[in-house]
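Descriptive structure summary
Okay, here's what each chain looks like letter by letter:
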Amino acid sequence: MAIRSWLQKMVGGQGAAQSEKPTAAADSPNGRPNRDDAIAYAVSLSGLVNDRPGSLAFYQATFADHPSRFVTYDDLRKQGDLLDRASLKALGLRANVKLSAQFLATLNELGRADPLGAASVIGLAVSTALCTLRDLAKMQAAGMDSAKLLASNLAAGPCDSAAKLDGQIMPIGDCPILPLRGCSHPGQCACLYQARFTLLDDL
């Protein structure tokens, strides 16, 4: 309930200031981003969120415990106070759609044109970024020293950025956060890192 109250204040314009610029750490994980930086990077990469004060803070609060407490795109679009039927109708949505005023308030013009689709793209982009942070940290903790990028094999295929790095082995500290910067479909990214232990390659 504390988060709900905070979200209500945020929509009223009392949220923290937002910076839409992804950090350089997304490309150079030797200074690997923290959770909030990774969320900011993914939100910016989606191209669907506005730069109003509080918009980024909404996502940082919603995904604060992800992926240990997994947030689906359905969860994302229902965070906060649900719109009534009249508001949904004005947006051209069915009366039984679950969509919060707080989530809608974060979207730019492109996102508001398809808020349900926007929830999917933003949610998956943020989830991918946070899962990348988790997976790389686990690899390091297990003593792995490098990882191989396996480019997405979903229907959309790999983006140009992923195709260029597909199969490349990198020190874990140099692995960029996924989805990669410049990804053309961050809501469909299925790229992942495969742990490597280079000492075994010489045996």
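This is a predicted model, so every value here is computed, not measured.

So, about the packing of helix α2 (residues 35-46) against helix α8 (residues 115-141). One can describe the packing of α2 onto α8 by two numbers: an axis separation of 8 Å at closest approach and a directional angle of 145 degrees. Like other packed secondary-structure pairs, α2 and α8 cross with a definite hand, here right-handed. Within the contact between the two elements, α2 uses R35, A38, I39, A42, V43 and S46 and α8 uses V121, I122, A125, V126, A129, L130 and L133. For the contact of α2 with α8, the class distribution of residues is 11 nonpolar, 1 polar and 1 charged.

Through backbone hydrogen bonds, the strands of a sheet pair up, either in parallel or in antiparallel fashion. Sheet architecture is open: 3 strands sit in the order β2-β1-β3, paired in antiparallel fashion. If you trace the sheet from one side to the other, it starts and ends with β2 (169-171) and β3 (192-196), each paired once. Here the strands of the sheet are splayed against their neighbours by 35 degrees on average, with no regard to which way each runs. Alignment of strand β1 (residues 146-150) against β2, held across 3 bridges, turns out to be antiparallel. Bridge pairing in β2 places K148 opposite I169. Of the strands in this sheet, β1 and β3 are in contact with α8, which crosses β3 at around 0 degrees.

Cut-offs applied
Residues numbered from 1 in each chain as written. Predicted model: local features only at pLDDT ≥ 70, side-chain atom pairs only at ≥ 80, totals over all residues. Heavy atoms only, no water. Axes fitted to C-alpha atoms, helices over the stretch in contact; angles between N-to-C directions. Helix = DSSP H or I, 4+ residues; strand = E, 2+ residues; numbered from the N terminus. Left-handed = near helix turned anticlockwise from the far one by under 90°. Contact = heavy atoms within 4.5 Å. Nonpolar A, V, L, I, M, F, W, Y, C, P; charged D, E, K, R; others polar. Pairing = 2+ DSSP bridges.

By themselves, these observations are geometric and do not establish any function.
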